Amino acid sequence: MDPKPDYPIEKTYGAFLHRELSVSWLVLATLMGGRHRLDPGLLNRSFTYLDLGCGHGLNLLFNAAAHPRASFYGLDLNATHIAEATARAEALGLTNVHFALADLTTFAAGRPGGGPCCGWPEAFDLVVSHGLASWVSPEVRQALVAAASSVLRPGGLFFCSYNTYPGWLARSPLQMLSVEEALRAGGSTTVAGIRSAVATLTRLTGPEGSWPLGNELPALRTLEEQLRPMPEDYLAGEYQAAHQPLYVGPMHRLCNGFGLSHIGSASLPEMFPNLLDPGRRALVEQGSDAAMREVLLDLAIHQTFRRDLFAKGIRQPPAPWRRQALADVTLHFSAVPDNWETFGSSFGQLGMEPAFLAALKDLLAEGPRSLGELMEVFSMELEDLVLRLSVLLWSGGVVGAFLAGAEGEQDVRSIAAFNRRCLDLMTAGEDIEALLSPVLRQPFPIHRLEAFFLQAAGADLPVEDLVPLVWMGIDMAGGNVNDAEGRTIEDPDQALGQLQAFWESFASGRLPVLRRLGIGA
């Protein structure tokens, strides 16, 4: 293994979950895009899944729990990541997930006879790589794509996400200045250095952006606002020296050179440029071919991050098969925003007819509905409904699920056990922040206080005992009860009152949603 690799291992990164890496999401995205056949039946049988640059392995762990008959593999060059992933797999009772400390540039040569990946499968049904392509040198990026292509089965799916231009153009000065700050401080990029660089750049834009930098890159004046909600681990990784955003054209040509064909996006609305306003849509549609239209789309929406789907050999899905597969997808409410009229996306705020949204809200309030039922209720063509569904699913207020296989009940019990172990780890302070929905077979966000209440609710206690038990659990775990401003509450009666108010809100709002999705049932 190269002791000085072309990608950074001097620091660990945050452990984040991404629904787009869930097998069920990837299958649904491919089905909706309609350019490649990936059978939803895959979800109910054995398959193989490889994560190149798996980090802490959280996404693999949740996928492994969701699909106990499948096998999952992850490699990373950071020893801390692999040690953490392996320990968590053991703590969560998972035996169908495997991790290796391995270098991408030697990965293919080390399988299956020798090396850290000895004994791994010859071929995989799905290969994923989240964010890595834009964090490595051109040589390692080529090795990444070559490795994905070499191990992917014909007809298999490759998910590759990466930071992109033109959206990163305004952020590049921040990356450069953060690196310079780090060099002069004698260490690697820090959040303090990044925030110092943000303040400097804001001043350099001049009064109300009137200086040359502000005129050319007005987005610099809003950098502080953009970065404020981002986790510190994420910031420190994004703005270090190794990071190099990519343009879509060269990246797609690299993949094409290794036999990987672009078939769509896991960012669902981005598969449908007709969602754009007429002016930008017309410009994108002027592209001479599909590849040029992707280039124009990124320019039209000022793209910052792509979630590309590639196939190793495209299998065009027959129209009747795709229609039936989509008709079987069921929709569920996960949460209904107060303002259910516009939905955020990389295209901007997208709206729908209020009458359609109101009717859909009433239907789903009664229970899950299949797309086939909705087509009949709304007398709507399939492609029109898919277009709307791409926006609704991406917003997160509506979620989609496939029919479970014959082993569904067994899987539900297995996932319930996995969730109980997750709750134990979360209430002990581990940064998992999600549970697994057996309905969706995807992680669903849960914050730590909700975890304490879910754990207590599972004990089937009288309501009057539940809140004191949660408070005791928080205290034993070394936690605090905070007020609305995030300040620690010292008074016991006030702390209990705060927890009681939270429980009442949680029990009437979030808990029923979680139970509909099979969590905490």
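**A few points about the overall build of the protein chain**
The helix and strand tally for the protein chain stands at 22 helices and 14 strands. For the protein chain, the spread of C-alpha atoms along the three principal axes comes to 65 × 60 × 55 Å. Considering the protein chain as a whole, with its 521 residues, one finds that 53% of them fall into the buried category. Residue pairs at least 24 apart in sequence account for 74% of intrachain contacts in the protein chain once pairs closer than 6 positions are excluded.

**Regarding a nonpolar patch on the surface**
A grouping of Leu461, Leu469, Met472 and Met476 is seen on the molecular surface, where their side chains present a nonpolar patch of about 400 Å² in accessible area. When you line up the elements, Met472 lands in helix H20 (residues 463–476). Relative accessible area serves as the criterion here: at 49%, Met472 is assigned to the partly exposed category.

**Quick word on the pairing of strand S6 (residues 261–265)**
Taking burial as the measure, the five residues of S6 include four buried ones, the bulk of the element. Sheet topology places S6 next to strand S7 (residues 305–311); four bridges connect them, and they run antiparallel. Across the sheet, Gly264 pairs through a bridge with Leu309, a residue of S7.

**Focus: helix H7 (residues 191–204)**
Here H7 contains 14 residues, and its C-alpha end-to-end distance of 20 Å stays within 8% of the 20 Å for a straight helix at 1.5 Å per residue. Turning to H7, its buried residues number three or more, namely Val191, Gly193, Ile194, Ala197, Val198 and Leu201. An end-on view of H7 places all buried positions within 155° of arc, on one side of the element. Exposed and facing more than 90 degrees away from the buried side of H7 are Ala192 and Arg203. Positioned one or two residues after H7, Gly206 has a phi angle of 90°, which is positive.

**Topic: the confidence of the model for the protein chain**
Scored by pLDDT, the protein chain has a mean of 91; 95% of the residues are at 70 or more. Segment residues 1–5 is flagged for pLDDT under 50; beyond a separation of four residues in sequence, or across chains, it makes six contacts in the model.

**Observations regarding the sheet that holds strand S3 (residues 97–101)**
Read across the sheet, seven strands follow the order S3-S2-S1-S4-S5-S7-S6 without closing on themselves; strand pairing throughout is mixed. Two strands lie at the open edges of the sheet, namely S3 and S6, each paired on one side alone. Shown here is a sheet whose adjacent strand axes are inclined to one another by a mean of 20°, direction ignored.

Reading the values: rules and limits
- Residues numbered from 1 in each chain as written.
- Predicted model: local features only at pLDDT ≥ 70, side-chain atom pairs only at ≥ 80, totals over all residues.
- Heavy atoms only, no water.
- Helix = DSSP H or I, 4+ residues; strand = E, 2+ residues; numbered from the N terminus.
- Buried < 20%, exposed > 50% of the residue type's maximum accessible area, 1.4 Å probe, protein only.
- Contact = heavy atoms within 4.5 Å.
- Patch = residues over 30% accessible without salt bridge, like charges linked within 9 Å, V, L, I, M, F, W, Y side chains within 5 Å.
- Areas by Shrake-Rupley, 256 points an atom, 1.4 Å probe, with all protein chains shown as cover.
- Salt bridge = Lys/Arg side-chain N within 4 Å of Asp/Glu carboxyl O.
- Pairing = 2+ DSSP bridges.
- Expected span 1.5 Å × (residues − 1).
- Arc of directions from axis to C-beta.
- pLDDT = per-residue confidence, 0-100.
- Axes fitted to C-alpha atoms, helices over the stretch in contact; angles between N-to-C directions.

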